[in-house]
Amino acid sequence: MTRFNTQLVHGLSVNDNTTGAVNPPIYNSSTYAFESVDSMPRWDYARSGNPTREFLERQIAQLEHGTRGFAFSSGLAAIHAVLSIFRPGDRIVVGANVYGGTYSLFNEHFSGWGLGSDPVDTSDLAAVESAIAGDSQRGDVPARAVYFETLTNPLLRVNDVAAIARIAHRHGALVIVDNTFVTPYLQQPLDLGADIVIHSATKYLAGHSDVIAGLAVVKGDDLAKRLYYSQNRLGGVLAPAECDSVRRGIQTLALRMDRQQENAVAIARYLLAHPLVRTVHYPGLPSSSSSDTALASKGLRGFGGVLSFEVVPGVDPSVILDNLHVFRLAVSLGAVESLAELPCRMTHFELPREERLKVGITDELIRLSVGIEDVDDLIEDLGQALDKAYDALGVPGVSVHDSFADAARGCRV
Ligand SMILES: *Cc1c(COP(=O)(O)O)cnc(C)c1O
């Protein structure tokens with residue numbers, strides 16, 4: 001068997017053409033001809049399956065060490081399809097700090113369909129256990145599944161997949177992990193006990209901010225059958241051209257992530273020493289809490305290219321963001337170009353402010369997705385933007401207190 005970095009490049013070749021093309025073809029066909037009325041063709045209609053999508057689905061299943069992979073038109077379409085394998089009356093325990101769209105999907109959409117969800121702090125294993133077991137006094141049924149992200153967004157707390165999976169399986173619950181932030185290059189959750197892995201392939205896997213896509217991989221034939229039913233019936237499938245974009249992105253995943261992590265570590269160190277920065281959240285820093293480092297040494301082979309930091313009180317984070325030139329001010333992450341954003345206004349506004357503060361996403365928190373540029377340009381860019389924020393503190397006639405209060409008010413809307 002070939003090794004991971006070779007698998008990234010080659011996938012599992014399908015050999016269905018006679019041209020010698022080194023890349024799998026993009027089949028732009030919605031339907032496939034039957035040889036005869038009685039024949040059972042391998043492909044009949046492209047929603048149910050097609051060779052371009054199958055290449056990508058086999059590629060991600062191989063990389064995540066799963067039984068079968070599925071490609072969807074977005075990460076949220078993948079999550080929707082996965083949650084649709086459950087039934088009204090089922091209960092799912094959900095990490096308290098999940099992607100905003102996932103939070104809304106649970107709390108606005110699926111709650112209306114009778115699929116219950118209970119938030120839990122996944123770093124507290126005793127809390128995870130009691131949430132999964134449920135409160136029988138309250139009439140809870142044991143949870144059917146626990147759902148969480150490998151690294152939380154935007155605070156980058158490391159979740160211990162193996163420990164959570166052991167607890168979940170003791171109670172007969174499935175383990176669903178959103179592995180978007182680390183990718184199989186840094187961790188393969190199915191090997192640690194997870195049953196289903198989900199990706200927003202929009203991020204690191206595709207890697208170039210040019211496609212919206214989702215992937216899911218399951219362990220076992222039963223889950224494969226159930227998820228295939230959801231994929232084919234709900235129909236949120238990824239089109240062949242997009243499947244090819246993700247396939248090509250995956251080929252360079254290791255190269256990109258190595259550079260992104262190297263840059264992220266350098267930037268985290270720079271920010272840590274900056275007088276306008278109060279805290280830096282990046283598990284790759286030696287100063288991170290030792291339990292995170294210990295956890296990381298168990299399951300993670302790296303820490304990814306996303307980090308976040310809080311500025312000291314009085315500094316307006318939006319002045320920093322509005323003055324960046326190399327970093328683009330944008331949501332999303334995991335691409336070759338560096339992006340910066342203000343979670344309270346841009347990615348996490350769907351979370352009620354109280355919930356947001358409870359999980360530690362303050363109004364002063366800035367998130368960076370570090371790309372593959374020259375790290376000196378990235379650090380210089382941050383430095384000059386921080387200088388502007390420092391200058392803004394001293395502008396005559398503007399009360400620092402007022403401008404900060406305005407920013408905080410803005411974050412509340
Ligand atoms: C972006 C993201 C999603 C949603 O994926 P889309 O491709 O935008 O639909 C889900 N989970 C995480 C962790 C994400 O970052």
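Keep in mind that this is a model prediction, so the values were computed, not measured.

Reading the values: the criteria
Residues numbered from 1 in each chain as written. Predicted model: local features only at pLDDT ≥ 70, side-chain atom pairs only at ≥ 80, totals over all residues. Heavy atoms only, no water. Domains from an automatic or database assignment. Buried area = accessible area lost by both parts, 1.4 Å probe. Near = heavy atom within 4 Å. Nonpolar A, V, L, I, M, F, W, Y, C, P; charged D, E, K, R; others polar. Axes fitted to C-alpha atoms, helices over the stretch in contact; angles between N-to-C directions. Helix = DSSP H or I, 4+ residues; strand = E, 2+ residues; numbered from the N terminus. Parallel < 35°, antiparallel > 145°, perpendicular 65-115°, else oblique. Left-handed = near helix turned anticlockwise from the far one by under 90°. Contact = heavy atoms within 4.5 Å. Pairing = 2+ DSSP bridges. Core = buried A, V, L, I, M, F, W, Y, C linked by side-chain atoms within 4.5 Å. Buried < 20%, exposed > 50% of the residue type's maximum accessible area, 1.4 Å probe, protein only. Salt bridge = Lys/Arg side-chain N within 4 Å of Asp/Glu carboxyl O. Phe/Tyr/Trp six-rings, centres within 6.5 Å; stacked < 30°, edge-to-face > 60°. Lys NZ or Arg CZ within 6 Å of the ring centre and 35° of its normal. UniProt positions renumbered as here; feature names shortened; annotations may be inferred.

Attention now moves to the domain arrangement of the chain. Each domain of the chain was delimited in the assignment, giving domain 1 (4-251) and domain 2 (253-409). Here domain 1 and domain 2 have C-alpha centroids that lie 28 Å from each other. Note on domain 1 versus domain 2: buried area summed over both sides is about 3300 Å², and carbon and sulfur give 61% of it. On the domain 1 side of the interface with domain 2, the three residues burying the most area are Tyr-185, Leu-186 and Tyr-204, jointly 23% of the side's total.

Here the focus is the site of the ligand. Near the ligand you find 13 residues, and of these Leu-76, Asp-178, Ser-200, Thr-202 and Lys-203 are the closest. Of the residues in the shell around the ligand, the class split is five nonpolar, five polar and three charged.

The contact between helix H3 (residues 75-83) and helix H4 (residues 100-109) brings their axes to 10 Å, and the two run at 40 degrees. In terms of their interaxial angle, H3 and H4 are classed as oblique. Along this stretch, H3 crosses H4, giving a crossing that reads as right-handed. Mapping the contact onto sequence places Leu-76, Ile-79, His-80 and Leu-83 in H3 and Gly-101, Thr-102, Leu-105, Phe-106 and His-109 in H4. Partitioned by chemical class, the residues of the contact of H3 with H4 number five nonpolar, four polar and no charged.

Peptide bonds are, in most cases, trans, and in most cases residues other than glycine have a negative phi. Asn-153 connects to Pro-154 through a cis peptide bond whose omega is 5 degrees. Considering the arrangement of structural elements, one finds Pro-154 in the loop between strand S4 (145-149) and helix H6 (161-170). Phi is positive for Leu-156, close to 60 degrees, though the residue is something other than glycine. Looking at the secondary structure, you find Leu-156 in the loop between S4 and H6. Look at Thr-183: it is not a glycine, yet its phi comes out positive at around 65 degrees. For Thr-183, the position within the fold is in helix H7 (residues 183-186).

So, about the sheet that holds strand S12 (residues 365-369). Spatially, S8-S9-S12-S11-S10 is the arrangement adopted by the five strands of the open sheet, whose pairing is mixed. In this open sheet, the two edge strands, each paired with only one partner strand, are strand S8 (277-281) and strand S10 (328-329). Examined bridge by bridge, S10 and strand S11 (residues 339-341) share two bridges and lie parallel to one another. The partner of Leu-329 across the bridge, within S11, is Ala-340. Running at roughly 10 degrees to strand S9 (residues 306-311), helix H10 (residues 253-272) makes contact with S8, S9 and S12 of the sheet.

Turning our eyes to something else, we now look at the nonpolar core. Judged by nonpolar contacts, the single largest core of 51 residues is most densely connected at Leu-56, Ile-132, Val-146, Val-175, Leu-215 and Val-246. Taken domain by domain, the makeup of this core includes at least three residues from each of domain 1 (4-251) and domain 2 (253-409). Discounting residues that sit within four places of it in the chain, Leu-56 has contacts with Ala-71, Leu-215, Leu-238, Cys-243, Val-246, Arg-247 and Ile-250.

Right, let's get into the pattern of salt bridges. A full pass over the atoms with the stated rule returns 14 salt bridges. Between Asp-140 and Arg-138 there is a salt bridge; the shortest N-O distance is 3.0 Å. Between Asp-244 and Arg-247 there is a salt bridge, with its nearest N and O atoms 2.8 Å apart. Taken together, the residues span about one helical turn, with Asp-244 and Arg-247 both in helix H9 (residues 240-251) at a distance of three residues. For Asp-244, a relative accessible area of 15% translates into the label buried. The class of Arg-247 is buried, set by a relative accessible area of 5%. What you see here is one network of salt bridges that share partners, running through Arg-91, Asp-118, Arg-138 and Asp-140.

Okay, the packing of aromatic side chains next. One pass over the full model with this rule turns up three aromatic pairs. With a centroid separation of 5.5 Å and an interplanar angle of 80 degrees, the aromatic rings of Phe-106 and Tyr-147 are classed as edge-to-face. Here Phe-106, found in helix H4, pairs with Tyr-147, found in strand S4; they are 41 residues apart in sequence, far enough to count as distant. For the pair Phe-106 and Tyr-147, one class covers both residues: buried. Considering the side-chain rings of Tyr-282 and Phe-303, the 6.4 Å spacing of their centres and the 70 degrees angle between planes classify their relative orientation as edge-to-face. Taken together, the residues Tyr-282 in the loop between S8 and helix H11 (290-299) and Phe-303 in the loop between H11 and S9 connect sequence positions 21 residues apart. According to the relative accessible area criterion, Tyr-282 is buried, its value standing at 2%. The ring centre of Trp-43 lies 3.9 Å from the NZ or CZ of Arg-42, which sits over that ring.

Let us look at the UniProt feature "modified residue: N6-(pyridoxal phosphate)lysine" (unreviewed entry) in the chain. The sites that UniProt annotates as "modified residue: N6-(pyridoxal phosphate)lysine" (unreviewed entry) are Lys-203. Aside from chain neighbours lying at most four places away, what touches Lys-203 is Thr-180, Ser-332, Leu-333 and Gly-334.

Our focus in this paragraph is the pairing of S9. For S9, the tally of buried residues reaches six of six residues, placing the bulk of the element in the interior. Residues Val-306, Ser-308 and Glu-310 line one face of S9 and the alternating positions Leu-307, Phe-309 and Val-311 line the opposite face, and both faces are buried. Relative to S9, S8 runs antiparallel, the two sharing four bridges. Across the sheet, Val-277 pairs through a bridge with Val-311, a residue of S9. Relative to S12, S9 runs antiparallel, the two being bridged by five bridges. Directly across from Glu-310, in S12, lies its bridge partner Leu-365.

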